[in-house]
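The primary structure of each chain is shown beneath.
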Amino acid sequence: NGRKEMLEVLKIIHHELHTTTIHVTHDRHETWMTGQTCGVMNQGKIIQTGSVSELFRKPVDLFTAEFFGGMNIFPARFQGKKAKLSWIDLDLAQSPERKDGWVLIRPENIRVVQPLHDHKTVGKITGIRDLGEYIEIEVQVNEKNRLVLHTSVDPAHCFSIGNTLHLDWAQDSVHAFSQGKI
């Protein structure tokens, strides 16, 4: 694949010459492969800069969140350290600046727990995709909302369409942001 080889050459040049290189791409996977510091632009304006990991886990706006995966992003109304979504109220690590915005829960931060354990929500499995390194599971949590989670391939779990899952996540894995169109 010529594109992959080109990315490897860029990494070698950057490493050997100790110089700044700029790579412009619309492909988030290329960003992961080559980027140390990343900038996201929308309509000619730089929206956010930082490490690729920071932009992935803590986007400042809806455009950046959607560029880096776009899963589990919900409109929210903020009251102090609470986020009120249409289907659940969530505790936040810090208070957002505005009253309206978005909440992001990365799929890899959601875990399946046993019914007797504390959990945030319950839903029915509506989709399962084995992606090799992990399984992607879609869970319908109410009529209009679903969560996507990524879980390791574990032979102890038998996931099937229609099964009920109890889901939990750490409070600090809920990222709230206010920029972007509601």
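Preceding block: the structure.
Structure report, in brief. (Residues numbered from 1 in each chain as written. Predicted model: local features only at pLDDT ≥ 70, side-chain atom pairs only at ≥ 80, totals over all residues. Heavy atoms only, no water.)

## Digging into the layout of surface pockets
Argument step 1. Volume-wise, the largest pocket comes out at about 830 Å³.
Argument step 2. In terms of lining, the largest pocket is formed by 23 residues, of which the most central are H23, V24, T37, C38 and G39.
Argument step 3. Per-element accounting of the lining of the largest pocket gives the leading share, five residues, to strand 1 (residues 37–42).
Argument step 4. In terms of residue class, the lining of the largest pocket is made up of ten nonpolar, twelve polar and one charged.
Argument step 5. One number sums up the size of the second largest pocket: a volume of about 400 Å³.
Argument step 6. Lining of the second largest pocket is provided by 18 residues; of these, Q94, P96, H175, A176 and F177 occupy positions nearest its centre.
Argument step 7. Tallying contributions element by element places strand 12 (residues 174–177) first for the lining of the second largest pocket, with four residues.
Argument step 8. Broken down by class, the residue content of the lining of the second largest pocket amounts to eight nonpolar, six polar and four charged. (1 Å grid on protein atoms, 1.4 Å probe; cavity = no way out; pocket = protein on both sides within 12 Å on 5 of 7 lines; lining within 4 Å. Points joined across faces, edges and corners; volume = space filled by probe spheres on them. Helix = DSSP H or I, 4+ residues; strand = E, 2+ residues; numbered from the N terminus. Nonpolar A, V, L, I, M, F, W, Y, C, P; charged D, E, K, R; others polar.)

## Looking at the sheet that holds strand 3 (residues 73–79)
Strands belonging to one sheet form pairs held by backbone hydrogen bonds; the direction of such a pair is parallel or antiparallel.
Argument step 1. Reading across the sheet, the five strands line up as 5-4-3-6-12 and stay open at both edges, with antiparallel pairing between neighbours. Every interior strand has two partners, whereas the edge strands, strand 5 (89–91) and strand 12, have only one. Neighbour-to-neighbour, the strand axes of this sheet turn through a mean angle of 40°, independent of strand direction.
Argument step 2. Note that strand 4 (residues 82–84) and strand 5 share three bridges and pair antiparallel. Residue pairing for strand 5: A83 is matched across the bridge by L90. (Pairing = 2+ DSSP bridges. Axes fitted to C-alpha atoms, helices over the stretch in contact; angles between N-to-C directions.)

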